[in-house]
Number of protein chains: 2
Amino acid sequence: MVVTRKPIPVGQAVERVMNVSKKGETEWVPLEQSLHRHLAETIIADHDIPAFDRSPYDGFAIRAEDSIHASKENPLTFHVVDHIGAGSVSEKKIGRYEAVRIMTGAKIPDGADTIVMLELANVISENGNERIELKRPFYSGDNISKKGEDTAEGERLIPAGTVIDSGVIALLATFGYAAVNVVKKPKIGIIATGTELLDISDPLEPGKIRNSNASMIYAQIQEAGGEPLNLGKMADHFDSCYEAVKKAIDKVDFLITTGGVSVGDFDFLPAIYERLGANVLFNKVGMRPGSVTTVAEYKGKLLFGLSGNPSACFVGFELFVKPVIKNWLLSDKPYSLYHQATLSKDFLKANPFTRFVRSSVSSENGKLFVDPVGLDKSSSVISLASTNALLVLPGGTKGYQKGDQVIVLMIKEERGCEWPWDIILSSSK
Amino acid sequence: MVVTRKPIPVGQAVERVMNVSKKGETEWVPLEQSLHRHLAETIIADHDIPAFDRSPYDGFAIRAEDSIHASKENPLTFHVVDHIGAGSVSEKKIGRYEAVRIMTGAKIPDGADTIVMLELANVISENGNERIELKRPFYSGDNISKKGEDTAEGERLIPAGTVIDSGVIALLATFGYAAVNVVKKPKIGIIATGTELLDISDPLEPGKIRNSNASMIYAQIQEAGGEPLNLGKMADHFDSCYEAVKKAIDKVDFLITTGGVSVGDFDFLPAIYERLGANVLFNKVGMRPGSVTTVAEYKGKLLFGLSGNPSACFVGFELFVKPVIKNWLLSDKPYSLYHQATLSKDFLKANPFTRFVRSSVSSENGKLFVDPVGLDKSSSVISLASTNALLVLPGGTKGYQKGDQVIVLMIKEERGCEWPWDIILSSSK
């Protein structure tokens with residue numbers, strides 16, 4: 001059976017998938033286990049930071065007005081009336097020509113309005129009394145970290161959907177989040193289809209290849225923030241594949257299959273979708289690699305039929321599955337961040353379809369450059385290990401030349417972007 | 001006790017630390033658990049990819065020479081003598097005007113030298129026999145993925161020390177690595193010191209702050225590839241801190257303390273290092289924030305005395321601890337990747353010391369721009385949640401202006417770089 005398929009533009013394909021994608025539920029995890037998870041709620045400052053006027057240095061708190069006439073020729077003396085360490089609070093209110101010894105981070109005592117750094121005070125101890133001599137004036141507010149200068153109570157600090165990194169954790173700890181409300185990871189099943197597939201530990205056999213897609217997708221799911229479930233590999237046998245897919249759907253939030261989406265005798269994911277009664281969103285996309293990518297929706301769940309070719313499978317995941325995972329995780333920037341970059345070498349293949357070329361982006365003198373890496377075939381696997389970006393070459397042209405300005409998708413960057421496809425696909429020369 | 005300290009340039013400080021840093025041992029982990037680990041060995045292709053000439057399409061294998069006179073006016077007929085699915089191998093050698101039905105990925109049968117795509121063959125079935133009609137010629141080598149075109153046996157594909165991502169996993173699976181030889185993670189202890197520190201779940205108290213550094217460093221260690229061990233927080237009490245540090249050293253590969261490195265009464269990490277008999281590598285660095293960062297070496301282990309100020313602590317980790325972790329993990333590019341970028345706004349503070357400003361790097365029209373984020377104080381914490389880069393402003397200048405070309409350290413990027421400090425610190429205006 002040769003099915004005629006009508007390709008749709010890649011932006012439209014992504015839109016159809018996103019239109020049926022869902023948002024995840026939430027759960028609480030201990031702060032120590034929250035790294036790389038996505039915040040389920042916007043973090044709002046529930047108090048000022050700093051929570052009180054504090055000293056940024058070790059030194060002495062005084063009243064600035066008392067120092068106004070201090071100079072080398074006229075050193076002024078202050079009596080040290082208290083010592084406070086960080087975390088302690090002085091009970092004393094500072095009076096005229098009085099000083100309180102203070103530590104970095106400690107609360108400024110009442111009455112004081114400036115801090116004299118330790119290095120600038122000449123300390124004199126005598127008969128159990130301590131005094132300091134100052135040889136220059138200090139001004140009100142100098143060397144004081146003011147209450148609320150870092151953030152004010154009520155500020156919206158981090159939006160829901162943000163991925164938690166070490167910097168976010170610093171804030172969460174500061175605001176007392178010993179546990180964090182995060183989005184539950186979507187559980188994503190993987191079934192690799194193909195009689196040609198060997199297990200990874202199998203020795204090579206004539207005509208066969210090892211099943212690299214399942215392991216690759218497993219890792220891509222983890223990188224995107226999902227929870228992968230490897231449901232094994234299947235030979236090209238319709239009934240058993242149909243049963244495996246049907247059974248898998250109840251166990252997962254989405255299902256990814258690899259292989260079985262071409263137009264040949266043994267390529268039957270489309271047939272499985274038909275027998276299930278699934279709603280096929282598209283079965284051909286105007287893109288290379290991965291034009292046969294087929295996505296369906298069944299019982300509210302997305303079924304991703306990715307190509308069995310490693311590069312096509314990789315690209316299909318990044319374009320269609322990743323934004324669905326990010327949307328599930330409440331990100332409002334679920335698409336890969338894109339940059340403009342200069343093409344480092346000619347890419348002269350003409351193509352009616354938009355190409356996504358495995359590439360490496362680097363910078364020189366503040367400008368971004370992009371280099372396609374390795375063999376540009378949907379079946380290639382080697383280039384995937386040195387890919388940090390997908391170079392987008394919109395179709396309908398006679399190829400691209402060194403120096404052309406192009407769009408690159410930064411697939412390894414945690415920061416994403418909002419709907420990018422109108423801009424990406426209009427970037428054609 | 002006011003200790004006089006002599007600052008050393010930041011590049012020299014990093015060099016002193018790296019000179020005593022060590023490389024880790026190795027272990028085997030299952031491929032599925034290898035994501036984000038560092039390869040302990042260079043991966044070399046042990047066979048060609050593809051391992052055999054294979055078909056990139058569903059179609060028919062023929063001898064090209066037989067099709068040379070085919071045209072619309074003169075369609076030529078080929079008898080289909082065998083069907084092979086992916087993973088199967090045809091026993092037949094193709095003869096004159098013979099064709100073998102072939103699937104994507106299958107091995108090209110003997111005698112054939114081109115593939116006719118399914119869409120271009122007119123298939124006729126009659127009395128159990130199948131033949132195809134071709135209306136155009138095909139050329140030898142067309143539509144064949146040649147043995148070794150992706151990579152040849154013996155190629156060095158991925159160097160030891162590379163962090164394993166989904167693309168690397170695709171290669172490892174292809175070459176049969178069901179288990180992977182990775183570097184054991186360094187175990188890194190964290191002790192937060194400071195009487196002012198509350199637990200994260202504690203309500204705020206006057207003069208106190210929550211211990212955000214330990215959680216932040218815990219996450220930074222994980223991000224860099226190490227295994228963190230939270231050893232709790234300590235009040236500013238010399239004997240108990242000394243005992244805690246001494247006890248911790250035997251349990252870890254390196255030890256990080258936060259706080260206790262300034263010049264005040266209660267800042268005694270330097271004193272603890274002295275009592276231990278540790279070799280202090282430096283106790284002052286010509287940088288902001290984090291000038292008081294103190295690093296010592298004891299029994300071959302590095303003791304990092306980071307500042308108690310959140311931003312200074314964060315920066316100290318990125319500059320000094322991260323490259324030590326990456327070196328342990330066999331990376332030959334252990335330092336943060338740097339780019340040149342255009343400063344987006346004035347930064348007019350003069351400073352004798354090199355500044356590392358928490359910043360956000362973005363691109364516009366293919367050029368990189370950097371924006372300092374939030375409050376530029378060593379005590380600030382809020383900016384850490386939106387930092388993706390450290391802007392480096394070498395000291396000795398009267399400040400920087402919008403439009404200046406500056407260096408940025410891409411601390412969130414997995415790719416690193418080789419020794420960067422000569423270039424970074426000579427980038428001054």
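Residues numbered from 1 in each chain as written. Chains lettered and ligands numbered in written order. Predicted model: local features only at pLDDT ≥ 70, side-chain atom pairs only at ≥ 80, totals over all residues. Heavy atoms only, no water.

In the annotation of an unreviewed UniProt entry, the entry for chain A reads Molybdopterin molybdenumtransferase, and the organism field reads Bacillus gobiensis. According to its UniProt record, chain A has this under Catalytic activity (unreviewed entry): "adenylyl-molybdopterin + molybdate = Mo-molybdopterin + AMP + H(+)". According to its UniProt record, chain A has this under Sequence similarities (unreviewed entry): "Belongs to the MoeA family." (UniProt positions renumbered as here; feature names shortened; annotations may be inferred.)

Caption draft 1: Quick look at the pattern of salt bridges. Residues and elements named next belong to chain A. For the coordinates displayed, the defined rule picks out 38 salt bridges over all chains. Between lysine 147 and aspartate 48 there is a salt bridge; the shortest N-O distance is 2.9 Å. Taken together, the residues span a long stretch of sequence, with lysine 147 in the loop between β8 (129–134) and β9 (156–158) and aspartate 48 in the loop between β2 (43–44) and β3 (59–62) at a distance of 99 residues. Residue classification places lysine 147 among the partly exposed positions, given a relative accessible area of 48%. Arginine 415 serves as the salt-bridge partner of glutamate 413, at 3.0 Å between the closest nitrogen and oxygen. Exposure remark for arginine 415: the relative accessible area of 29% places this residue in the partly exposed category. Three or more residues joined by partner-sharing salt bridges are found here, namely Lys349, Arg355, Arg358 and Asp376. (Salt bridge = Lys/Arg side-chain N within 4 Å of Asp/Glu carboxyl O. Helix = DSSP H or I, 4+ residues; strand = E, 2+ residues; numbered from the N terminus. Buried < 20%, exposed > 50% of the residue type's maximum accessible area, 1.4 Å probe, protein only.)

Caption draft 2: Geometry of the packing of helix α4 (residues 238–249) of chain B against helix α5 (residues 269–276) of chain B. All names here are of chain B. Interaxial distance between α4 and α5 falls to 10 Å at its minimum, and their mutual angle equals 60°. On the basis of the axis angle, α4 is oblique to α5. The way α4 lies across α5 gives a crossing that is right-handed. Of α5, the residues touching α4 (which contributes Phe238, Asp239, Cys241, Tyr242, Val245, Lys246 and Ile249) are Ala271, Ile272, Arg275 and Leu276. (Axes fitted to C-alpha atoms, helices over the stretch in contact; angles between N-to-C directions. Parallel < 35°, antiparallel > 145°, perpendicular 65-115°, else oblique. Left-handed = near helix turned anticlockwise from the far one by under 90°. Contact = heavy atoms within 4.5 Å.)

Caption draft 3: View of the sheet that holds strand β11 (residues 187–193) of chain A. Residues and elements named next belong to chain A. Within the open sheet, the six strands sit side by side as β14-β11-β15-β19-β18-β16. Their pairing is mixed. Of all the strands in the sheet, just β14 (227–234) and β16 (279–282) have a single pairing partner and so form its edges. In this sheet, neighbouring strand axes are inclined to one another by 20° on average, regardless of whether the strands run parallel or antiparallel. Pairing of strand β18 (residues 294–298) with strand β19 (residues 301–306), which is carried by five bridges, proceeds in the antiparallel orientation. Each bridged residue has a counterpart across the sheet, and for alanine 296 the counterpart in β19 is leucine 303. Sitting on the sheet, helix α6 (residues 310–328) touches β11, β15 (254–258), β16 and β19, and the angle it makes with β19 is about 165°. (Pairing = 2+ DSSP bridges.)

Caption draft 4: Looking closely at helix α1 (residues 10–19) of chain B. When we look at burial in α1 of chain B, the residues that qualify are Val10, Gly11, Ala13, Val14, Val17 and Met18 of chain B. Angularly, the buried residues of α1 of chain B cover 160° about the axis, an arc narrow enough to put them on a single face. (Arc of directions from axis to C-beta.)

Caption draft 5: Representation of the pairing of strand β24 (residues 389–393) of chain B within the structure. All names here are of chain B. Counting buried residues in β24 gives five out of five residues, a clear majority hidden from the surface. The side-chain alternation of β24 yields two buried faces, one formed by Ala389, Leu391 and Leu393 and the other by Leu390 and Val392. Sheet topology note: the β24/strand β25 (residues 405–409) ladder contains three bridges and is antiparallel. Bridge assignment links leucine 391 to a residue of β25, and that residue is valine 408.

Caption draft 6: Just the environment of methionine 117 of chain A, in detail. Residues and elements named next belong to chain A. Of note, methionine 117 is situated in strand β6 (residues 114–117). In the structure, methionine 117 is positioned 299 residues away from glycine 416 in sequence and 44 Å away in space, judged by C-alpha atoms. If sequence neighbours within four positions are ignored, methionine 117 has contacts with Tyr57, Asp58, Gly59 and Asn143.

Caption draft 7: Structural detail: the interface of chain B and chain A. Facing 90 residues of chain B, the contacting portion of chain A comprises 89 residues. With both chains or domains summed, chain B and chain A bury close to 7,300 Å², and 59% of this area falls on carbon and sulfur atoms. In this assembly, chain B and chain A are joined by four salt bridges. Across the salt bridge formed by glutamate 149 of chain A and lysine 377 of chain B, the nearest N and O atoms sit 3.1 Å from each other. Here chain B and chain A share 21 residue pairs in polar contact (both at pLDDT 80 or more) between them. Contributions of two or more residues to the side of chain B that touches chain A are made by β9 (156–158), α2 (166–174), β13 (209–210), α3 (212–224), β21 (338–343), β22 (354–364) and β23 (367–372) of chain B. Of the residues in the side of chain B that touches chain A, the class split is 38 nonpolar, 33 polar and 19 charged. (Buried area = accessible area lost by both parts, 1.4 Å probe. Polar contact = N/O pair within 3.5 Å; in protein donor to acceptor, adjacent residues only side chain to side chain. Nonpolar A, V, L, I, M, F, W, Y, C, P; charged D, E, K, R; others polar.)

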